[in-house]
Amino acid sequence: MYFQDGLVPYARWSFFIHFLLALSIIFIPRLLDLGRETHQITKVISAIRVDVVAMPKHTILELKKLSAQASAGKRDEISPKNIGPKYLKKGKGKSLKDLLKGEASKSLSIKSKKGKKSRVKKGKYNKELGKLILQGNKISKGWAIVGDTRAMVLDEFEKYVAALPDYVRANWKLPAHLIKKDLNCRIQIFIGNKGELKKVKLFKSSGNSEYDKKAIEAVRETSFPIPSNKVRERAERGQILLGFPL
Amino acid sequence: MRKILILFSLFAFVNSSASQNLSIVSVGEATLEKDNIYLENPYYKGWISKENKKIIAKLVKLIRNDFSYYKNRFLVFPKKYKNYSSKSSVVESVNYVAWAKKETNLLVKIDFSSSVRKEEGLRYIARIHSINEKKVIKELQGTLFKKDWRKEGHYLSNRIFHSITGKKSIFNSKVIFVSDATSTGSGKKRVTRKELYVVDFDGANRKRITHHGGIVISPAISPKGDKLIYSLIKKGKGEKRIELYLLDLVTKKKQVLSRRKGLNSGGIFFPNGQDIFLTLSNLGNAEIYAMNIASKNIRKVTSHYASDVDPSINSDGSMMTFLSNRSGKAHIYTLDPSGKEKAVKRISFVGMFNATPRFSPDGKEIVFSSWLDNRFDLFKINPDGTGLSRLTKDFGSNESPSFSNDGEFIVFSSQRIISKYRAVQNIYLMDRDGEVVGPVVKDFGNCLSPRWTESFMGF
């Protein structure tokens, strides 16, 4: 026994009072400031790096059309596999010549399918956009994080989140009387394994119900990309906020 | 102690549930939703003559046509135009719920009444109803005269547009351009004459401005629309001179501003309307100079062994863009026009031959033409050299772009080869993204060098 019998009740009371004091330090500010966000929010943006190497082959209208078609059709899974160059896999016992032969036959088979329109999949527009990138309009797509203007490598989840504005933006429209106002709202989205929208929650209202409604409508009208395995859990738990405009 | 443990676990739970990791991404600014605007049949108050009814019908048709230019902003209803006839003698009250079901956002009702005296014209009241807000957002009154019905129609269109958007429209604008329509003869006997003309933005009301009987090139109009500068090519004995003229559109008096040896061309107005910038080559090399109209004193703005031509100034006069071959090819540059060779920056790095760079009214974009695939096409670029994008393709050879006063449209000349010996050049209008709205001037000789102006005095 470190304490004498007479001091034990005193020590208990002292501990209890100090514990309550610690709790009050943590909770009272929260109770007084109810509007404060208790979430840890990371801002993510996508960035496009444009290297101009020639006059653009495609007009703004052509690019818009392709972009809209791609946005409507693309449901590709976003993962690092889909980003960056694709390298030829070296197989056992295969020479470089064999590999090139294989690639050549692939391109030939694509050519033979050209006439068959019915076989063209929705992913066609992504391929066309890919071609545009090589034609001088856009060279490469990169990722960067806001807050630190130096480009940072984003994790897979952040890459998924950063890609979402491209999907939502086509549906984000406001009437003239709202577009003039400086409003802002945030929508929390819960995305399922197949990219389906499971739940939409108004995380922060703009204070204008019509504006909030338009933002929610834009989200509901969007076909979201399929999250990869590593992203699924967080997407399903609703760890994504869409800022309208931020 | 048990109580303390319970409190501890509660504390831990509260804290863990409050700190969820969220990632936020900006969707960006919304695009503007189109407004469905319904222009109702006109209402007549009292007796209106048959002749006046015809004018009213034309006026309503003109307003409808004006709004159709902004097809990214408005959908004009009813979709099919029939001859507007009297709706009723009394302005009916608006059933907002019924209009909302038709997905109409805006409803315009105009009622006309005759003045007691004929010379006082027709009086009108236009009411703009916001269906969403269930109220009249603006009531506009005016007088319509038979001889000025087009002008009044554009004026009313502009007031309606401004009431809805809070911005100025293109409806009061005009386009000045050069045409060789007065040329005579053909083949070796052909005598080419190029004169200046002015036309409403919708192609109506074309008028001739100059009568030199020579070749007029590169016109420019002052910001107030009261002065015009242009160059005139004069062929003398063994030499060709290019002189710069100033035409006062109010007094109709013209004077030579510069007749130095060589080039006196490519003149543009500084935003103050008192100074101009022009290209002179009297010292052997084409350089850009600033000139005060009143004193005719000149100041060198570019100074380089390469040729510098085709200046364009942004609306606050803080930046000039121009064409120079100082890199070996014709490329676009910017500089601060307040000094000599001040803050020169090259902004175009691709293209075989770039030409006629022109600032947008807000100064955020520069439109220019560039030689590509054996013809000129139009492109846009930001003044910092970013955002290069293409506007035209497979639409003839397109040159001389000029932004509209609101920056939403670009007027340009487009040439089509008809045969080995014949080509036609017309003036077209497109929106800022390159969607062609239609011709402004067609089948009027070869038309070139269009310049947009919000105001034009004296004609």
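From a predicted model like this one, the values you see are computed outputs, not experimental measurements.

Each value, and the rule that gives it
Residues numbered from 1 in each chain as written. Chains lettered and ligands numbered in written order. Predicted model: local features only at pLDDT ≥ 70, side-chain atom pairs only at ≥ 80, totals over all residues. Helix = DSSP H or I, 4+ residues; strand = E, 2+ residues; numbered from the N terminus. Buried ≥ 20, exposed ≤ 12 C-beta atoms within 10 Å, placed from the backbone. Contact = placed C-beta atoms within 7 Å. Pairing = 2+ DSSP bridges. Axes fitted to C-alpha atoms, helices over the stretch in contact; angles between N-to-C directions. Parallel < 35°, antiparallel > 145°, perpendicular 65-115°, else oblique. Left-handed = near helix turned anticlockwise from the far one by under 90°. Nonpolar A, V, L, I, M, F, W, Y, C, P; charged D, E, K, R; others polar. Domains from an automatic or database assignment. Core = buried A, V, L, I, M, F, W, Y, C linked by C-beta atoms within 7 Å. pLDDT = per-residue confidence, 0-100.

Draft legend 1. Summary view of the overall build of chain B. Looking only at helices and strands, chain B has four helices and 32 strands in total. Overall, the C-alpha framework of chain B stretches about 105 × 85 × 50 Å when taken along its three principal axes. Across the 459 residues that make up chain B, the buried fraction comes to 41%. When contacts within chain B are restricted to residue pairs at least 6 apart in sequence, long-range pairs at least 24 apart make up 44% of them.

Draft legend 2. View of the overall build of chain A. Secondary structure summary: chain A contains eight helices and six strands in total. Its helices and strands in sequence order give chain A the pattern α-β-α-α-α-β-α-β-α-β-β-α-α-β, from N to C terminus. Relative to its 246 residues, chain A shows a buried fraction of 19%. In chain A, 76% of the contacts between residues at least 6 apart in sequence involve partners at least 24 apart.

Draft legend 3. Structural view of the sheet that holds strand β21 (residues 320-324) of chain B. Residues and elements named next belong to chain B. Taken in spatial order, the four strands make up an open sheet running β20-β21-β22-β23, and their pairing is antiparallel. Two strands bound the open sheet, and with one partner strand each, they are β20 (308-313) and β23 (342-346). Ignoring which end each strand starts from, the neighbouring axes of this sheet average 25° apart. Both strand β22 (residues 331-336) and β23 contribute to a ladder of three bridges, which runs antiparallel. Looking across to β23, one finds that Asp336 is bridged to Lys342.

Draft legend 4. Here's a closer look at the sheet that holds strand β17 (residues 275-280) of chain B. All names here are of chain B. Overall, antiparallel pairing links the four strands, which are arranged β16-β17-β18-β19 in an open sheet. Unpaired on one side and paired on the other, β16 (264-269) and β19 (298-300) mark the two borders of the sheet. Taking each pair of neighbouring strands and ignoring which way they run, the sheet shows an average axis angle of 30°. By the bridge criterion, six bridges tie β17 to strand β18 (residues 287-292) in an arrangement that is antiparallel. The residue of β18 that forms the bridge with Asp275 is Asn292.

Draft legend 5. Representation of the packing of helix α2 (residues 50-68) of chain B against helix α4 (residues 149-165) of chain B within the structure. Residues and elements named next belong to chain B. Axis separation between α2 and α4 bottoms out at 9 Å; the angle between their running directions is 45°. Classified by the angle between their axes, α2 and α4 sit oblique to one another. Every pair of crossing elements has a handedness; the one defined by α2 and α4 is right-handed. Here Ile55, Lys58, Leu59, Leu62, Ile63, Asp66 and Phe67 of α2 come into contact with α4, specifically with Trp149, Arg150, Gly153, His154, Leu156 and Ser157. The residue inventory of the contact of α2 with α4, partitioned by class, reads seven nonpolar, three polar and three charged.

Draft legend 6. Seen up close, the domain arrangement of chain B. Residue and element names in this part refer to chain B. When cut into domains, chain B gives domain 1 (35-165) and domain 2 (174-453). For domain 1 and domain 2, the distance between their C-alpha centres works out to 38 Å. In this assembly, four residues from domain 1 lie in contact with five residues from domain 2. Its residues assigned to classes, the side of domain 1 that touches domain 2 comprises one nonpolar, two polar and one charged.

Draft legend 7. Broad picture of the interface of chain B and chain A. On the side of chain A, 43 residues touch chain B, which itself brings 38 residues to the contact. Elements represented by at least two residues in the side of chain B that touches chain A include exactly α1 (2-18), β1 (21-26), β2 (31-32), α4, β25 (366-372) and β27 (389-390) of chain B. Among the elements that take part in the side of chain B that touches chain A, β1 of chain B stands out by supplying six residues, more than any other. When its residues are assigned to classes, the side of chain B that touches chain A shows 16 nonpolar, 15 polar and seven charged. Bridge count between strand β6 (residues 240-244) of chain A and β1 of chain B: four bridges; the pairing is parallel. Note on β1 of chain B: the bridge partner recorded for Leu242 of chain A is Val25 of chain B.

Draft legend 8. Focus on the nonpolar core. Ranked by size, the top nonpolar core spans 105 residues in total, and within it Val108, Val175, Phe177, Phe277, Val411 and Val440 of chain B carry the most contacts. If one sorts the elements of this core by residue count, α2 of chain B sits on top with seven residues. When residues are assigned to domains, this core turns out to be shared by domain 1 (35-165) and domain 2 (174-453) of chain B, each giving three or more. Filtering out sequence-adjacent residues up to four positions away, Phe277 of chain B remains in contact with Ile268, Phe270, Ile288, Tyr289, Ala290, Val301, Pro311, Ile313, Met320 and Pro337 of chain B. Val161, Ala162 and Trp172 of chain A together with Val25 of chain B belong to the second largest nonpolar core, which has 33 residues in total.

Draft legend 9. Here's a closer look at the environment of Val97 of chain B. All names here are of chain B. As for its position among the elements, Val97 is in helix α3 (residues 96-101). The class of Val97 is exposed, set by 9 C-beta atoms lying within 10 Å. Considering only alpha carbons, one finds Val97 and Lys134, 37 residues apart in sequence, at a separation of 8.5 Å.

Draft legend 10. Region of interest: the confidence of the model for chain A. All names here are of chain A. Mean pLDDT for chain A: 69, with 54% of residues reaching 70 or above. Mean pLDDT across the secondary structure elements of chain A bottoms out at strand β2 (residues 140-145), with 38, and peaks at strand β4 (residues 185-191), with 93. Confidence over residues 80-96 falls short of pLDDT 50; this stretch has six contacts with residues more than four positions distant or in other chains. This stretch, residues 129-151, has a pLDDT under 50; its non-local contacts, to residues over four places away or in other chains, come to 45 contacts.

Draft legend 11. Up close: the pairing of β21 of chain B. Residue and element names in this part refer to chain B. With five of five residues buried, β21 lies mostly within the body of the structure. A two-sided burial pattern is seen for β21, the buried positions comprising Met320, Phe322 and Ser324 on one face and Thr321 and Leu323 on the other. In terms of strand pairing, β21 meets β22 through five bridges, oriented antiparallel. For Thr321, the partnering residue across the bridge sits in β22 and is Thr334. Between β21 and β22, which pair antiparallel one after the other, the connecting turn spans six residues, and Gly328 there sits at a positive phi close to 110°.

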